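An overview of the molecular structure
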Amino acid sequence: MSAPIVMKFGGSSVADAARLRGVAALARERSAQGVLLVLSALSGVTDALIGAGSMAVAGQEAEALAALARILDRHGSVGEELLGKSAHPELEQALADTRSELSALLKGAALLRNLPERNLDVLTGRGELLSTRLLALYMNAPWIDARAVLKTDSRHGKARPDLAATRRAAQERILPLVQPGSIAITQGYIGSDPAGHATTLGRGGSDYSASILGAALDAAEIQIWTDVEGVLSADPRIVPEASPVEYLGYDEAAELAAFGAKVLHPATILPAVERGIPVTVRNSLLPNGRLTTIARGSSSGRQVTALASRGPVTIVTVRTPRMLGGSGFLARIFEVFGRRGISVDLVATSEVSVSATVDDGISLDGLVAELEGFAELRIARGRALIAIVGDRLAESPGIAGKAFSALGDINIDMISMGAREINLSFVVAQEDAAEAQRRLHRAFFPDACAPADSASQGAQSARAGSAAGPAS
Ligand code: ADP
Ligand code: ASP
Ligand code: MG
């Protein structure tokens, strides 16, 4: 059998009927090769479902049910626009089933003031089931339930894939439907655990689904269609003049995603790397515009490929004079982090201290109590990580000096060079993070110029200016 392509469309690319028609057109243009379409929920729907769940848990049953009704009505109207005025029995059925199942779930949550993680996954995964239903009916293409294919463990809300089981299921259930000339449609973000319970891969997880399914099908290419022209040199909402990176190495892409470049889910790249499948990132509003190709051996060819930032994070500094000349302290300290399941991002050491960043918002009480038993501790919250990524950093002397002088009077709490020497990271106060990125971008991308106005940029920075940006 020949190799299909996987085309993943994010929330903004499936926001309404017009965008869904555009998706159908793009897929049909490429159908000769066989296409698996992987869709996110309509933009804003996952957030709205989570919102309805929170209302229910707060005891606001009526508000939660009203929010659900609005979500379903939106799908009803998009369906009407796509499929014509007369009710479409299959869509009606899907909406009615969703209404009865989710109403019961929300009423239960309101009664108990609790929404167990397993039910939360049932709730938040509905957006993808509905968006794909709309497109499958419009395109008259087979609809595949990803829960029957993408097999995961039971870590609800952040499930990890069982790649071997998923491969078997995908080869059996999907491959026959994506032969040359055919298009099939499935959901991103959702899967199921060994007991058959619905799971989700974490926010933004549709990219990951595309990559997992692409690997399972030995796809020729995984295309991530979004609302920007590929991976840009920085987050365009913070640095409006950020420009597309044409070629990106797998390591660079993984590093950027891990350091907060929202355009790709952090885990996306791995399944593709393992099978040597190229990933491209493209703009569904400018399909013939620029794009990023992420492939084995790819490189931007620049000293610095892109910047990324993530926050807030907390710095934990452990200081003990006994570290001086002693051995085993680092191991002892990190054993405590590891045992308590607290994952560490950046680490910097000196002769007598070690600093590590951890996600903000996680409870550090136990860790603090334990470490205070043998060292002095300092906790600094409200910080942000900034990473300068490029696979030529190691061979480019002077990068750090240039970064320091660009940052000027911005205070740097921590500096770390990644082990693979493709990122140089800083920790600064969260409130300085945006300005720090702008200064670094000006220093490392001196040719980039700010867009004259957002209209002339078109879709390039469709979301520029909204730091939060709508999720799907
Ligand atoms: P989708 O709904 O298609 O999955 P996302 O909102 O998850 O889209 O990701 C695309 C958004 O990621 C862009 O609109 C942009 O604001 C943001 N983004 C952050 N960093 C980058 C970057 N380095 N390059 C491109 N986009 C970025
Ligand atoms: N709809 C999910 C979310 O908003 C998954 C995705 O869009 O990738 O997180
Ligand atoms: Mg996304």
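As shown above, the structure is provided for reference.
Read on for an overview of the structure. Computed from a predicted structure; not experimentally measured.

Below, the discussion takes up the layout of surface pockets. There is about 210 Å³ of room inside the second largest pocket. If you trace the second largest pocket, you find it lined by Tyr250, Asp251, Ala254, Glu255, Ala258, Pro266, Ala267, Ile269, Leu270, Val273 and Arg420. If you list the elements that add at least two residues to the lining of the second largest pocket, you get α9 (250-258) and α10 (269-274). Per element, the largest residue contribution to the lining of the second largest pocket is five residues, and it comes from α9. Among the residues forming the lining of the second largest pocket, the class breakdown is eight nonpolar, no polar and three charged.

In this section: helix α7 (residues 163-173). Every buried residue of α7 is listed here: Ala165, Thr166, Ala169 and Ala170. Buried residues of α7, viewed axially, fall in a sector of 130°; they line one side. Exposed positions of α7 whose direction lies more than 90 degrees from the buried face are Arg168 and Glu172. Each element contacted by the buried residues of α7 is listed here: α8 (206-216). Sitting at the amino-terminal end of α7 is Asp162, which places a side-chain oxygen 3.3 Å from the backbone nitrogen of Ala164.

Moving on, we come to the environment of Val38. Mapped onto the elements of the fold, Val38 is located in strand β2 (residues 35-39). For the pair Val38 and Asn119, spaced 81 residues apart in sequence, the C-alpha to C-alpha distance is 23 Å. If we skip the residues at most four places from it in the chain, Val38 touches Val6, Met7, Lys8, Phe9, Thr186, Gln187, Gly188, Ser206, Ser209, Ala210 and Leu213.

On to unusual backbone geometry. Of note, the amide linkage connecting Gly311 to Pro312 takes the cis form, showing an omega dihedral of -5°. Mapping Pro312 onto the fold places it in strand β11 (residues 306-319). Look at Asn140: it is not a glycine, yet its phi comes out positive at around 55°. Inspection of the secondary structure puts Asn140 in the loop between α6 (126-139) and β3 (143-144). For Asp218, which is not glycine, the phi dihedral falls at a positive 50°. By secondary structure assignment, the location of Asp218 is in the loop between α8 and β7 (221-226).

Right, let's get into the sheet that holds β7. Spatial strand order, β3-β4-β2-β1-β7-β9-β10-β8: eight strands in an open sheet with mixed pairing. Only two strands of the sheet have a single neighbouring strand rather than two, namely β3 and β8 (247-248). With three bridges joining them, strand β9 (residues 279-283) and strand β10 (residues 292-294) adopt antiparallel strand pairing. By the bridge assignment, Val281 is partnered in β10 with Thr292.

A few words now on the packing of aromatic side chains. Applying the stated criterion across every chain yields a total of three aromatic pairs. Taking the centre distance of 5.6 Å and the plane angle of 15° together, the rings of Phe9 and Trp225 count as stacked. Of this pair, Phe9 sits in strand β1 (residues 5-9) while Trp225 sits in strand β7; the two residues are 216 residues apart in sequence, bridging distant segments of the chain. On the basis of relative accessible area, Phe9 is assigned to the buried category, the value being 0%. A residue is classified by how much of its surface remains accessible, and Trp225, at 0% relative accessible area, is buried. A ring pair is formed by Phe404 and Phe426, whose centres lie 6.1 Å apart and whose planes are at 75°; its orientation type is edge-to-face.

Here is what the cut-offs are and how they apply
Residues numbered from 1 in each chain as written. Chains lettered and ligands numbered in written order. Predicted model: local features only at pLDDT ≥ 70, side-chain atom pairs only at ≥ 80, totals over all residues. Heavy atoms only, no water. 1 Å grid on protein atoms, 1.4 Å probe; cavity = no way out; pocket = protein on both sides within 12 Å on 5 of 7 lines; lining within 4 Å. Points joined across faces, edges and corners; volume = space filled by probe spheres on them. Helix = DSSP H or I, 4+ residues; strand = E, 2+ residues; numbered from the N terminus. Nonpolar A, V, L, I, M, F, W, Y, C, P; charged D, E, K, R; others polar. Buried < 20%, exposed > 50% of the residue type's maximum accessible area, 1.4 Å probe, protein only. Arc of directions from axis to C-beta. Contact = heavy atoms within 4.5 Å. Polar contact = N/O pair within 3.5 Å; in protein donor to acceptor, adjacent residues only side chain to side chain. Pairing = 2+ DSSP bridges. Phe/Tyr/Trp six-rings, centres within 6.5 Å; stacked < 30°, edge-to-face > 60°.

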